[in-house]
Amino acid sequence: MHKRRKNETGWTSAQTLSEALPFIQRYTGSTIVIKFGGNAMGDEVLTQKFAHDVVLLKQFGLRPVIVHGGGPQIGSMLEKLDIKSEFVDGLRVSDMETVGIAEMVLSGAINKSIVQAINQAGGRAVGLSGKDANLITANAKDAKLGFTGTPIATDISVIDVLTAADPGFIPVISPISGGAAGESFNVNADTAAGVLAGALGASRLMLLTDIEGVMDKDKNLLTNLSVEDALGLIKDGTAKGGMIPKLTTATDAVKSGVEAVVILDGRRAHGLLVELFTDQGAGTLIR
Ligand code: ADP
Ligand code: MG
């Protein structure tokens, strides 16, 4: 119900909405792949706000496709089970036991909680993993990393089917993928989101994380990066840990035809809307 206010708030909100119209029209019909990070999704209120924003994008005629991580949640489950795990260049080393637990956490608990949050916000989300309908086939990235895999093929037909219908569904994808010999691979969620964005011909790949964007050596936000800049930050050690797969993903996605990749803060409510529908933007844009 409308609240009847005596002040001008309604008029200024309407003006803001009206200013968003050209931006909304620019993206109507385009695919936006959104990676929802493990750190950003720890908070229930933020998850609800994220779900609302995703439903709004869908109702504005965009095609949001969600890929999620779950690093912190996998970490705490491994801890509970007293299983040690280490990272090499931002990627988790996965033995067979670890990938089994990663699958339980990602394709089970986390996937369904995001699906439910979107449905509660009024959308119709469908949970999938890399394994479903061969969405992502992976193989071992490096013997040292065990079952931490790298995508070698994608089949996006299931996403096309789900998003083509009117009003359509919102796919929510866990990055656990199948291997040719029936193995399970733990694929970094940024990497999974990147290959899907490329295969879907997405206009934008949005990587929501737990930091404002990409920082330079003095911790200042970098708002615009070229592919060469992004690779330079990895080479000179400015980008470390989990930022490495993000920047590699961003450069690969741009090379495969994604118009732009944005690395932005998932802890701030409505970052997606600010980035897409205002001329101010948010985080770091790579193209
Ligand atoms: P997510 O769960 O969103 O994938 P990650 O922890 O994998 O989060 O990656 C984000 C982290 O990357 C940041 O919290 C930050 O600690 C780290 N990082 C390393 N180098 C940089 C950099 N140059 N700019 C921003 N963040 C960086
Ligand atoms: Mg990460």
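Scroll up a little and you will see the structure.
Residues numbered from 1 in each chain as written. Chains lettered and ligands numbered in written order. Predicted model: local features only at pLDDT ≥ 70, side-chain atom pairs only at ≥ 80, totals over all residues. Heavy atoms only, no water.

**Digging into the site of ligand 1**
Here is step 1: In the vicinity of ligand 1 there are 17 residues, among which Thr-209, Asp-210, Met-215, Thr-238 and Lys-246 approach most closely.
Here is step 2: Lys-35 is positioned with one of its side-chain polar atoms (N or O) 3.0 Å from an oxygen atom of ligand 1.
Here is step 3: In this structure, Lys-246 approaches ligand 1 through a side-chain N or O atom, which is 2.6 Å from an oxygen atom.
Here is step 4: Notes on ligand 1: free accessible area 580 Å², of which the protein chains cover 76%.
Here is step 5: At the level of secondary structure, the elements contributing two or more residues to the shell around ligand 1 comprise strand S11 (204–209) and helix H8 (243–255).
Here is step 6: Classifying every residue of the shell around ligand 1 by side-chain character gives 6 nonpolar, 6 polar and 5 charged. (Near = heavy atom within 4 Å. Polar contact = N/O pair within 3.5 Å; in protein donor to acceptor, adjacent residues only side chain to side chain. Areas by Shrake-Rupley, 256 points an atom, 1.4 Å probe, with all protein chains shown as cover. Helix = DSSP H or I, 4+ residues; strand = E, 2+ residues; numbered from the N terminus. Nonpolar A, V, L, I, M, F, W, Y, C, P; charged D, E, K, R; others polar.)

**Details of the packing of helix H7 (residues 227–235) against H8**
Here is step 1: As a packed pair, H7 and H8 sit with axes 9 Å apart at the nearest point and diverge in direction by 155°. If you check the angle between H7 and H8, you find them roughly antiparallel. The handedness of the crossing between H7 and H8 is left-handed. Every residue of H8 that contacts H7 at Val-227, Ala-230, Leu-231, Leu-233 and Ile-234 is listed here: Ile-244, Leu-247, Thr-248, Thr-251, Val-254 and Lys-255. (Axes fitted to C-alpha atoms, helices over the stretch in contact; angles between N-to-C directions. Parallel < 35°, antiparallel > 145°, perpendicular 65-115°, else oblique. Left-handed = near helix turned anticlockwise from the far one by under 90°. Contact = heavy atoms within 4.5 Å.)

**Considerations on the packing of aromatic side chains**
Here is step 1: One pass over the structure, following the stated rule, counts 4 aromatic pairs.
Here is step 2: Between Phe-60 and Phe-277 the ring centres are 5.6 Å apart and the planes differ by 75°, which places this aromatic pair in the edge-to-face class. Here Phe-60 is found in the loop between helix H2 (44–59) and strand S2 (63–68), whereas its partner Phe-277 is found in helix H9 (residues 271–277), with 217 residues between them in sequence.
Here is step 3: The exposure class assigned to Phe-60 is partly exposed, which follows from its relative accessible area of 26%.
Here is step 4: For Phe-277, a relative accessible area of 7% translates into the label buried. (Phe/Tyr/Trp six-rings, centres within 6.5 Å; stacked < 30°, edge-to-face > 60°. Buried < 20%, exposed > 50% of the residue type's maximum accessible area, 1.4 Å probe, protein only.)

**A word on the pattern of salt bridges**
Here is step 1: Per the counting criterion, the structure on display carries 8 salt bridges.
Here is step 2: Across the pair Glu-259 and Arg-204 runs a salt bridge, and its minimum N-O distance is 3.8 Å. A residue pair is termed long-range when its members are at least 10 positions apart, and Glu-259 in the loop between H8 and strand S13 (260–265) and Arg-204 in strand S11 qualify at 55 residues.
Here is step 3: Given the relative accessible area of 52%, Glu-259 is considered exposed.
Here is step 4: Note that Lys-217 and Asp-236 form a salt bridge whose closest N and O atoms lie 3.7 Å from each other. (Salt bridge = Lys/Arg side-chain N within 4 Å of Asp/Glu carboxyl O.)

**With respect to the packing of helix H3 (residues 71–80) against helix H4 (residues 96–120)**
Here is step 1: Remark: H3 packs on H4, axes separated minimally by 10 Å, with the N-to-C direction vectors making an angle of 125°. Looking at the two axes, H3 sits oblique to H4. Judged by the sense of rotation from one axis to the other, the crossing of H3 with H4 is right-handed. The segment H3 lies against H4, with Gln-73, Ile-74, Met-77 and Leu-78 engaging Thr-98, Ile-101, Ala-102, Val-105, Leu-106 and Ile-110.
Here is step 2: Each residue belonging to the contact of H3 with H4 can be placed in one class, and the counts come to 8 nonpolar, 2 polar and no charged.

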